[in-house]
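# Tertiary structure, described
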Amino acid sequence: MSFGETPITVIGNLTADPELKFTDNGAALAKFTIAATPRTFDKATNQWKDGTTTFFRCAAWRTLAEHIADSLTKGSHVVAFGRIRQHNWQTPEGENRSMLALEVDEIGASLRFTNVAIQAKNTAPADGADDAWSTDKPPF
């Protein structure tokens, strides 16, 4: 992250399945929306009350984008970390438009309301020669 960027962590639910696209150069791009709804407990009524939902348009690139598309679906409760980016464009009618979006650097399923089975990608050699955790001795 660079100086002057606005870091943010968002916790919420995906509103739809992530959309995976590829640029002309072959870079993967996942686009999705996270809905975050604050909840407060009203002691007078003894009930939880939902606040106003905020919708965050999100984008993730490359391997992260592919993992998101392979792992997350509509309704997934996630914790996403990234930075706010402003996108400016002009409509065909010449009107200037802008929007804020979250460029996601890290994302994972929240374990608050569900269980998740992790399937790590094996990047170590098959014989385990360079895998520091393949023996009983710690690597430090």
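This text goes with the structure placed above it.
Residues numbered from 1 in each chain as written. Predicted model: local features only at pLDDT ≥ 70, side-chain atom pairs only at ≥ 80, totals over all residues. Heavy atoms only, no water.

## A closer look at the overall build of the chain
Within the chain one finds 1 helix and 8 strands. What you see in the chain, going N to C, is helices and strands ordered as β-β-β-β-β-β-α-β-β. Relative to its full complement of 140 residues, the chain shows a buried share of 23%. Sequence separation of 24 or more characterises 57% of the internal contacts of the chain that already satisfy a separation of 6 or more. Accessible surface, the chain: about 10600 Å² in total, of which carbon and sulfur atoms supply 50%. (Helix = DSSP H or I, 4+ residues; strand = E, 2+ residues; numbered from the N terminus. Buried < 20%, exposed > 50% of the residue type's maximum accessible area, 1.4 Å probe, protein only. Contact = heavy atoms within 4.5 Å. Areas by Shrake-Rupley, 256 points an atom, 1.4 Å probe, with all protein chains shown as cover.)

## Observations concerning the nonpolar core
Among the nonpolar cores identified, the biggest contains 17 residues, and Phe32, Ile34, Ile68, Val104 and Ile107 are the most heavily contacted of them. Those elements that place two or more of their residues in this core are β1 (6-14), β3 (28-36), β6 (54-61), α1 (62-71), β7 (77-90) and β8 (96-109). Among the elements that make up this core, the one with the highest residue count is β3 (5 residues). If near-sequence neighbours (up to four positions away) are discounted, isoleucine 107 is found in contact with Phe32, Leu64, Ile68, Leu72, Val78, Val79 and Ala80. (Core = buried A, V, L, I, M, F, W, Y, C linked by side-chain atoms within 4.5 Å.)

## What about the pattern of salt bridges?
As enumerated under the stated definition, the model contains 9 salt bridges in all. For arginine 83, the salt bridge identified is with glutamate 5, shortest N-O distance 3.6 Å. Taken together, the residues span a long stretch of sequence, with arginine 83 in strand β7 and glutamate 5 in the segment before β1 at a distance of 78 residues. Note on accessibility: arginine 83 and glutamate 5 belong to one class, buried. The closest approach of N and O atoms between aspartate 105 and arginine 83, which form a salt bridge, is 2.5 Å. Taken as a pair, aspartate 105 in strand β8 and arginine 83 in strand β7 lie far apart in primary sequence, 22 residues in all. (Salt bridge = Lys/Arg side-chain N within 4 Å of Asp/Glu carboxyl O.)

## So, unusual backbone geometry
Phi is positive for asparagine 46, close to 60°, though the residue is something other than glycine. Secondary-structure assignment places asparagine 46 in the loop between β4 (39-42) and β5 (47-50). Phi angles above zero are rare outside glycine, and arginine 62 is one such case at about 55°. Considering the arrangement of structural elements, one finds arginine 62 in helix α1.

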